[in-house]
Amino acid sequence: MIRKAVFPGCYLQGKDILRNFGGIDALEKKKVFILATHTAMKKIIPENLPFWKKICDITYEEFNGACTWDEINRVLEIAREGAYDFIVGMGGGKTIDTARVVAGQLGVKYIAAPTIAATDAPTASACVVYSNEGSVVDYFSTRNPDYVIVDTKVIAEAPVRFLVSGMGDALATWFEAETCDRSWFRNVCGGFNLRAIMALAHVCYETLLTYGKAARISCENNLVSPALEYVVEANTLLSGLGFESGGLSTAHGIHDCLCNLEGTHAYYHGEKVAFGTLAGLFLEARPQALIDEVYAFCRSVELPTSLAQIGLESVTDQELEAAVFPVLQNKQSYLHNVRFDLTSEGIIEALRMADAMGRDLSE
Ligand SMILES: [Zn+2]
């Protein structure tokens, strides 16, 4: 039995730290290639380029918006020709994943520089590759970033919905790690859980409860408060370590079911994971006091607590059944990381319970 955890080499977080790349000495006089989202190309790069040029030799390229093999190969060609020392992914999860695969294939240093705190992907080694039509075609691990640089000023100026969605993804972390740990399921990096990770996953949950609402207000007003800093850390580092080295279970399994319903496609990963967490609480028969605590948190930061709030106002049981079935059939799904027999009926009941409680509270 092997207990295992994986980590990024170095995690740097702070206000305005992108200006000097967090003071990473290893960058000095090196050739650095940045893959950047459209938003980063418009604002972050022009603002910081004069400062970066004093440190290293910078080249940048705009990301085409989707992590597909076509895009990975296009960026790989450019990056290979330039013989860069560092590859930087600057943007959201898809940009970061594309840069991660390119750096992995070239065997060069990799920096994740998330410009939103919407998911826990930046610290991880896993990447998701999509088809040109938008469905998932590959899911695999390369390696964790050598550096993660999170500029909290950039996060505070991004739309608040991203930060709140990140809280939804982070909300699942403790519950899923705890379920995997208690029942001896392997975590996402393939080992059993270390106490260190369980401690981090619990701090992740406590941080959200304690600072979530203030962080939301902070982001709405583009202010970098300590609460925002703590929640950015929870969304990015604590949740990232927590999911990869602590394991996934019902929250992400139910998220995958929800993704099979067209109505949810306009909603972010973390918004669906948050509702998956609520349904998971009922599925796993968690105590009511805990359920009350989680609902109060979701309402305080405006995460969804009803099916209507994730685009499923009039979803039928037949539609839910059709969405749950393929995930239930897939024995590799994290949904199966529970020590009882799952049925589609039980999962639909949990979704209806989560919805009923959410609607009850809003009346
Ligand atoms: Zn997630």
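Whatever comes next refers back to the structure up there.
Here we summarise the structure given alongside this text. (Residues numbered from 1 in each chain as written. Predicted model: local features only at pLDDT ≥ 70, side-chain atom pairs only at ≥ 80, totals over all residues. Heavy atoms only, no water.)

In terms of helices and strands, the protein carries 12 helices and eight strands. Taken over the C-alpha atoms alone, the protein extends approximately 60 × 40 × 40 Å along its principal axes. The long-range share in the protein, meaning contacts at least 24 apart out of those at least 6 apart in sequence, stands at 77%. Of the roughly 15,200 Å² that the protein leaves accessible, carbon and sulfur atoms contribute 52%. Across the protein, the mean location of the 31 positive side-chain charges is 7 Å away from that of the 45 negative side-chain charges. (Helix = DSSP H or I, 4+ residues; strand = E, 2+ residues; numbered from the N terminus. Contact = heavy atoms within 4.5 Å. Areas by Shrake-Rupley, 256 points an atom, 1.4 Å probe, with all protein chains shown as cover. Lys, Arg positive; Asp, Glu negative; His and termini not counted. Charge placed at Lys NZ, Arg CZ, Asp CG, Glu CD.)

What follows concerns the pattern of salt bridges. The full count for this structure, using the stated rule, is 17 salt bridges. The closest approach of N and O atoms between E157 and K43, which form a salt bridge, is 3.2 Å. Residue E157 is located in helix α4 (residues 152-157), and its partner K43 is located in helix α1 (residues 38-53); the two are separated by 114 residues in the primary sequence. Judged by its relative accessible area of 37%, E157 is partly exposed. The residue D146 makes a salt bridge to R143 at a minimum N-O spacing of 3.0 Å. If you follow the salt bridges from partner to partner, you end up with K43, E47, K153 and E157 in one network. (Salt bridge = Lys/Arg side-chain N within 4 Å of Asp/Glu carboxyl O. Buried < 20%, exposed > 50% of the residue type's maximum accessible area, 1.4 Å probe, protein only.)

For the pair helix α5 (residues 160-182) and helix α6 (residues 195-220), interaxial distance at closest approach is 9 Å and the crossing angle is 160 degrees. In this view, α5 runs roughly antiparallel relative to α6, as classed from their interaxial angle. In the packing of α5 onto α6, the handedness of the crossing is left-handed. Every residue of α6 that contacts α5 at V160, L163, V164, M167, A170, L171, T173, W174, F175, A177, E178 and D181 is listed here: R195, M198, A201, H202, C204, Y205, L208, G212, A215, R216, C219 and E220. (Axes fitted to C-alpha atoms, helices over the stretch in contact; angles between N-to-C directions. Parallel < 35°, antiparallel > 145°, perpendicular 65-115°, else oblique. Left-handed = near helix turned anticlockwise from the far one by under 90°.)

With parallel pairing, six strands are arranged side by side in an open sheet as β1-β8-β5-β4-β2-β3. The outermost strands of the open sheet, each flanked by one partner alone, are β1 (10-14) and β3 (57-62). The average undirected angle you get between the axes of adjacent strands in this sheet is 20 degrees. Judged from the six bridges that link them, strand β2 (residues 31-36) and β3 form a sheet pairing that is parallel. Note on β3: the bridge partner recorded for A36 is E62. (Pairing = 2+ DSSP bridges.)

Let us look at the nonpolar core. The biggest cluster of nonpolar side chains holds 62 residues, and the ones touching the most others in it are L163 and I347. Sequence-distant contacts of I347, that is, excluding residues within four places in its chain, are made with I254, L283, V324, L328, L335 and L342. In this structure, I17, F21, V32 and I34 belong to the second largest nonpolar core, which totals 25 residues. (Core = buried A, V, L, I, M, F, W, Y, C linked by side-chain atoms within 4.5 Å.)

Along the chain, W184 falls in the loop between α5 and α6. Classification of W184 by relative accessible area gives partly exposed; the value is 46%. Counting along the chain gives 155 residues from W184 to R339, while the straight-line C-alpha distance between them is 9.3 Å. Ignoring sequence-local partners within four residues, the contact set of W184 consists of M1, R3, F192 and R339.

With that out of the way, let us pick up the environment of Y334. Within the fold, Y334 resides in the loop between α11 (317-329) and α12 (344-362). Between the alpha carbons of Y334 and E28 there is a distance of 42 Å; along the sequence they are 306 residues apart. Look past the residues within four positions of Y334 in its chain and what remains in contact with it is Y139, V188, L248, S249 and T250.

Bringing empty space enclosed by the protein into the picture now. Tallied over the entire structure, the rule returns one cavity of 30 Å³ or more. Approximately 60 Å³ is the volume attributed to the largest cavity. Along the walls of the largest cavity sit F175, E176, T179, S249, T250, A251, T277, G280, L281 and E284, which together make up its complete lining. Within the residue set of the lining of the largest cavity, elements represented by two or more residues are α5, α8 (250-259) and α9 (269-283). (1 Å grid on protein atoms, 1.4 Å probe; cavity = no way out; pocket = protein on both sides within 12 Å on 5 of 7 lines; lining within 4 Å. Points joined across faces, edges and corners; volume = space filled by probe spheres on them.)

The subject of this paragraph is the coordination of the zinc ion. Here the zinc ion is held by the protein donor atoms D169 (OD), H252 (NE2) and H269 (NE2), which lie 2.1 Å from it. Summarised as a motif, the one-chain spacing of the donors to the zinc ion is D-x82-H-x16-H. In this pair, D169 is assigned in helix α5 and H269 in helix α9, connecting sequence segments 100 residues apart. Residue classification places H269 among the partly exposed positions, given a relative accessible area of 29%. (Donors = N, O, S within 2.8 Å, 3.2 Å for Na, K, Ca; no water.)

Here we take up the pairing of strand β7 (residues 136-141). For strand β6 (residues 126-130) and β7, the ladder comprises five bridges, and the chain directions are antiparallel. Paired with Y130 across the strands is V136, a residue of β7. From the end of β6 to the start of β7, which pair antiparallel, there are five residues, and G134 there has a positive phi angle of about 105 degrees.

Let's shift gears to the packing of helix α2 (residues 69-82) against helix α3 (residues 93-106). Between α2 and α3, whose axes approach to 9 Å, the crossing angle comes to 50 degrees. It follows that α2 is oblique to α3 by the angle criterion. Of the two elements, α2 crosses α3, and the hand of that crossing is right-handed. In this structure, α2 uses W69, E71, I72, V75, L76, A79 and R80 to contact α3, whose residues at the interface are T98, V101, V102, Q105 and L106. Among the residues forming the contact of α2 with α3, the class breakdown is eight nonpolar, two polar and two charged. (Nonpolar A, V, L, I, M, F, W, Y, C, P; charged D, E, K, R; others polar.)

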